Amino acid sequence: MREAIRLAEKAKKKGEVPIGAVVVLNGKIIGKGYNLRTRLQRATQHAEIRAIDRACKKLKSWRLPGAEIYVTLEPCPMCMGAILNARIDRVYFGAYEQKGRSLTKELAEANLVNHRTEVTGGVLKEECAGVLTAFFSEMRGREKQKKGENGQKSGKKPV
């Protein structure tokens, strides 16, 4: 999980929502990823998808049985679908999704692709959540500052 947190920090420095993910097989990292949705302007460029793609490429297979994925935030339904499709055995995530219902546990247990995945949440929860909280706090601060510069400081009324 510490490597996933390091990747989340890397995403944060690029102005991306700071989420990192690593795929591990037999104790070795075989795929890494962090969010690049904004930079690449592609909806599918989530940390988990990028890590899974790299792991599949490394193993030359779309199946990753025996693998585990560590991600700093509870996976969204798209990423959980990719995890199931790749036949990853275990998901470990840090922070719980607060904005919307994730469906992580329900999808993991649904046997949608003839595969079930074990899910464990709250791994290094405070550290993972802290990276996200700091990012959004800084982003709100920048937005407030922009609003102040666009009229309020100069005495001009917004149009």
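Scroll up to find the structure this text is about.
Small disclaimer: the values here were computed from a predicted structure and weren't measured. (Residues numbered from 1 in each chain as written. Predicted model: local features only at pLDDT ≥ 70, side-chain atom pairs only at ≥ 80, totals over all residues. Heavy atoms only, no water.)

Interaxial distance between helix H3 (residues 47-59) and helix H4 (residues 77-85) falls to 9 Å at its minimum, and their mutual angle equals 20°. Our classification of the angle between H3 and H4 gives roughly parallel. For the pair H3 and H4, the crossing hand works out as left-handed. Here Glu48, Ile49 and Ile52 of H3 come into contact with H4, specifically with Met78, Cys79, Ala82 and Ile83. Here the contact of H3 with H4 is composed, by residue class, of six nonpolar, no polar and one charged. (Axes fitted to C-alpha atoms, helices over the stretch in contact; angles between N-to-C directions. Helix = DSSP H or I, 4+ residues; strand = E, 2+ residues; numbered from the N terminus. Parallel < 35°, antiparallel > 145°, perpendicular 65-115°, else oblique. Left-handed = near helix turned anticlockwise from the far one by under 90°. Contact = heavy atoms within 4.5 Å. Nonpolar A, V, L, I, M, F, W, Y, C, P; charged D, E, K, R; others polar.)

The biggest cluster of nonpolar side chains holds 44 residues, and the ones touching the most others in it are Val23, Ile52, Leu64, Ile69, Met80 and Ile88. Per-element accounting of this core gives the leading share, six residues, to H3. Apart from the residues within four sequence positions on either side, Ile52 is in contact with Val23, Leu64, Ile69, Ala82, Ile83, Ala86 and Ile88. (Core = buried A, V, L, I, M, F, W, Y, C linked by side-chain atoms within 4.5 Å. Buried < 20%, exposed > 50% of the residue type's maximum accessible area, 1.4 Å probe, protein only.)

Looking now at helix H1 (residues 2-13). Over its 12 residues, H1 extends 17 Å from the first C-alpha to the last, a length consistent with the 16 Å expected when each residue adds 1.5 Å. Every buried residue of H1 is listed here: Glu3, Ala4, Ile5, Leu7, Ala8, Ala11 and Lys12. At the exit of H1 stands Gly15, carrying a positive phi of roughly 85°. (Expected span 1.5 Å × (residues − 1).)

Once that is clear, we can look at the sheet that holds strand E5 (residues 118-120). In spatial order, the strands read E2-E1-E3-E4-E5; together these five strands make up an open sheet with mixed pairing. In the strand order of this sheet, the two ends are held by strand E2 (28-34) and E5, each with one partner. Direction aside, the axes of adjacent strands within the sheet are offset by 15° on average. By the bridge criterion, four bridges tie strand E1 (residues 20-25) to strand E3 (residues 68-73) in an arrangement that is antiparallel. When the sheet's bridge partners are listed, Val24 is paired in E3 with Glu68. Its contacts with the sheet place H3 against E1, E2 and E3, and it is angled at close to 140° to E2. (Pairing = 2+ DSSP bridges.)

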